[in-house]
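Structural overview for review
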Amino acid sequence: MPEYPYAAAIGAAAPDSGDPTHPHHIETGPRRVHLSAHQRGADLTAVGNLLLYVPHFLCSLLIVSLVSVMFGRLGLIVVLLWLASGAFVFHRPTESAIARHLLRLRYPTHQERLRLEPVWQEVTARAGVDAHTYELWVEDSDSLNAVAAAGHIVGITSYAMDHLPNGELAAVMAHELGHHVGGHAWSSLLGYWYALPSRVVWRVLRAVMHLAYRVSRSLSCFGTGLVILVLGGLALQTLTTLHGLPMLLLAMPYALAAVGRRAELRADRHAAALGFAPMLASVLDKLHRAEQQHTAARATQYGVRARTQDSPLNKLLSSHPDHHTRLHHLQPYLRPPRP
C-alpha cells in the first residue's frame with residue numbers, strides 16, 4: 001500500500017481501535033479453522049513479474065560470468081552459488097535481516113501482539129491459511145501503511161495498528177496476505193535480487209558517463225566530439241552484442257509498474273472476497289484524503305500550485321492504481337446482495 005503521513009495530514013481524531021460499536025468492528029473470538037489444501041502459489045501476476053525480470057537476469061548472469069573469470073577454475077562455482085542464492089528469499093534468518101535492516105521493521109511487543117494476533121487469526125481463518133506460516137512485524141511510523149515482503153513477512157505501521165478499528169486493520173492485513181498467497185511478495189524480491197548485478201553496473205556506467213560529460217565540457221570541441229564518439233561506439237557495440245537487450249531494459253520500469261498495479265488490484269480482491277470490502281474501501285478513502293492534504297500542504301510550503309492529478313507519465317510509472325480505479329474494482333463486493 002502507498003504510504004502517506006496520515007496522522008499529520010488528516011489531523012482528525014481516529015476512532016478507538018477497540019470500540020465494539022464502530023461499524024467496522026469485527027468479532028475475533030476463537031473459532032474452528034479449516035485450512036485450505038492450497039495455501040499459496042504464484043498467480044499470473046507473479047509469473048508475469050518474473051518473466052519481466054528475465055532480461056535483467058540475463059544481463060546479471062553475463063556480468064557474474066565475466067566476474068567469475070577472475071576466479072579461474074572456481075569461476076563455475078561462483079556462478080552456481082549466485083544462481084542458488086535466490087533460495088535465501090525463503091530463508092527465515094535472511095528474511096529477518098531483510099525486515100530489520102532494509103524495511104526497518106521490529107518484532108511487536110507483548111501488548112502489540114495482543115492487538116494484532118486476534119485480528120490476524122480472523123483474517124487467516126477466513127482465508128483457510130495457517131496463521132503461523134507468516135510473521136507479524138511492526139514499523140514505527142505515523143503513516144497508514146503495511147507491507148508484504150519475502151516469503152513470510154507481514155509488516156504493519158504502528159499508526160495503523162493503534163488507530164484503525166479492527167475491521168479496517170483486518171482489511172489491511174487481508175490485502176497483504178493476498179500478496180503472499182498470490183506469490184507477489186516472493187517473486188518481486190526474487191526478481192530484484194537477480195537483477196541486482198545489472199542494476200549496480202548500470203549505476204556505475206551512469207556515473208562514468210556523467211563524469212565523462214563533465215570532463216568533455218572542460219575540453220575543446222574536438223575533445224567533446226571524441227568523448228561522444230567513444231561513448232556512442234561503446235553503446236552501439238553493446239546493443240549489437242546483446243541484440244538490443246539494453247533497449248528492452250529501458251521499457252522494464254513501465255512494464256513492472258503495470259504488473260505492480262495489477263498485483264494491488266488482485267490483493268484488494270483477495271481482501272474483498274474474505275468479506276472486508278467495506279473496511280478496505282474506508283481505508284482507501286483515508287489514504288486518498290491523506291494524499292490530497294499532503295499534496296496541498298507541500299504546495300503551500302513551496303508556494304506552488306497543487307496538482308489535482310498526476311501526469312500520464314507518473315501514472316505509467318506508479319506501482320499502485322489510483323484511488324478511483326481501486327474503488328471501481330471493489331464495487332462488485334460493495335453492492336448489497338440481490339434478494
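What you see is a predicted model; the values in this text were computed from it and never measured. (Residues numbered from 1 in each chain as written. Predicted model: local features only at pLDDT ≥ 70, side-chain atom pairs only at ≥ 80, totals over all residues. Heavy atoms only, no water.)

In this section: a nonpolar patch on the surface. Where nonpolar side chains cluster on the molecular surface, the patch consists of Val-67, Met-70, Phe-71, Leu-74, Ile-77 and Leu-81 and spans about 640 Å² of accessible area. Counting through the fold element by element, Phe-71 comes out in the loop between α3 (54–68) and α4 (75–84). (Patch = residues over 30% accessible without salt bridge, like charges linked within 9 Å, V, L, I, M, F, W, Y side chains within 5 Å. Areas by Shrake-Rupley, 256 points an atom, 1.4 Å probe, with all protein chains shown as cover. Salt bridge = Lys/Arg side-chain N within 4 Å of Asp/Glu carboxyl O. Helix = DSSP H or I, 4+ residues; strand = E, 2+ residues; numbered from the N terminus.)

Attention now moves to the pattern of salt bridges. When their charged atoms lie close together, side chains carrying opposite charge are able to pair. What the rule picks out here adds up to nine salt bridges. Here Arg-106 and Asp-140 are joined by a salt bridge, their closest N and O atoms 2.8 Å apart. Pair noted here: Arg-106 is in the loop between α5 (92–102) and α6 (110–127) and Asp-140 is in the loop between β1 (135–139) and β2 (146–149), with a separation of 34 residues, a long-range link. Linked by salt bridges that have partners in common, Arg-106, Glu-112 and Asp-140 make up one network.

Here we take up the side chain of Asn-49. With respect to the helices and strands, the residue Asn-49 is situated in helix α2 (residues 44–52). Sequence-distant contacts of Asn-49, defined by excluding residues within four places in its chain, comprise Ser-187, Ser-188, Leu-256 and Val-259. (Contact = heavy atoms within 4.5 Å.)

Within strand β3 (residues 153–157), five of the five residues are buried, which leaves it mostly tucked inside the rest of the structure. Residues of β3 alternate between two faces, with Ile-153, Gly-155 and Thr-157 on one and Val-154 and Ile-156 on the opposite face, all of them buried. Inspection of the sheet shows β1 paired to β3 by five bridges, in the parallel sense. In the strand pairing of β3, Leu-136 is matched with Val-154. Here β2 pairs with β3 via four bridges, running antiparallel. Opposite Ala-146, over in β3, you have Ile-156 as the bridge partner. If you look at the hairpin formed by β2 and β3, you'll find three residues sitting between the two strands, and Ala-150 has a positive phi there, around 55°. (Buried < 20%, exposed > 50% of the residue type's maximum accessible area, 1.4 Å probe, protein only. Pairing = 2+ DSSP bridges.)

Interpretation of this model should avoid reading the predicted coordinates in detail wherever pLDDT is low. Summing up the model confidence of the protein, the mean pLDDT is 83 and the portion of residues at 70 or higher is 78%. Here helix α1 (residues 6–10) stands out as the element of the protein with the lowest mean pLDDT, 41, in contrast to β3, whose mean of 97 is the highest. Contacts from residues 6–16, a stretch scored under 50 in pLDDT, to residues over four places away or in other chains number 22 contacts. (pLDDT = per-residue confidence, 0-100.)

What follows is about the sheet that holds β1. Through backbone hydrogen bonds, the strands of a sheet pair up, either in parallel or in antiparallel fashion. Across the sheet, which stays open at both edges, the three strands sit in the order β1-β3-β2 with mixed pairing between neighbours. Pairing within the sheet leaves two strands with one partner each, and these edge strands are β1 and β2. Here the average twist between neighbouring strands, direction ignored, is 20°. Sitting on the sheet, α6 is in contact with β1 and β3, with an inclination near 130° to β1. This element, helix α8 (residues 166–181), spans β1, β2 and β3 of the sheet and lies at about 20° to β2. (Axes fitted to C-alpha atoms, helices over the stretch in contact; angles between N-to-C directions.)

A positive phi angle is found at Arg-104, which is not glycine, with a value near 60°. In this fold, Arg-104 is placed in the loop between α5 and α6. Although it is not a glycine, Ala-150 sits at a positive phi angle of roughly 55°. Here Ala-150 lies in the loop between β2 and β3.

What follows concerns the packing of aromatic side chains. For the coordinates displayed, the defined rule picks out six aromatic pairs. Summarising the aromatic geometry, the rings of Phe-57 and Trp-82 are spaced 5.7 Å apart at their centres and angled 10° between planes, so their arrangement reads as stacked. With Phe-57 in helix α3 and Trp-82 in helix α4, this residue pair connects regions lying 25 residues apart in the sequence. Under the relative-accessibility criterion, Phe-57 is labelled partly exposed at 25%. Given the relative accessible area of 10%, Trp-82 is considered buried. Look at Phe-57 and Tyr-194: their rings are 5.6 Å apart centre to centre, the planes differ by 85°, and that puts the pair in the edge-to-face class. Of the two residues, Phe-57 is situated in helix α3 and Tyr-194 in helix α9 (residues 184–217); the sequence distance between them amounts to 137 residues. Residue class for Tyr-194 comes out buried when judged on its relative accessible area of 14%. Among the aromatic residues, ring-to-ring pairing joins Phe-57, Trp-82 and Tyr-194 into one connected group. (Phe/Tyr/Trp six-rings, centres within 6.5 Å; stacked < 30°, edge-to-face > 60°.)

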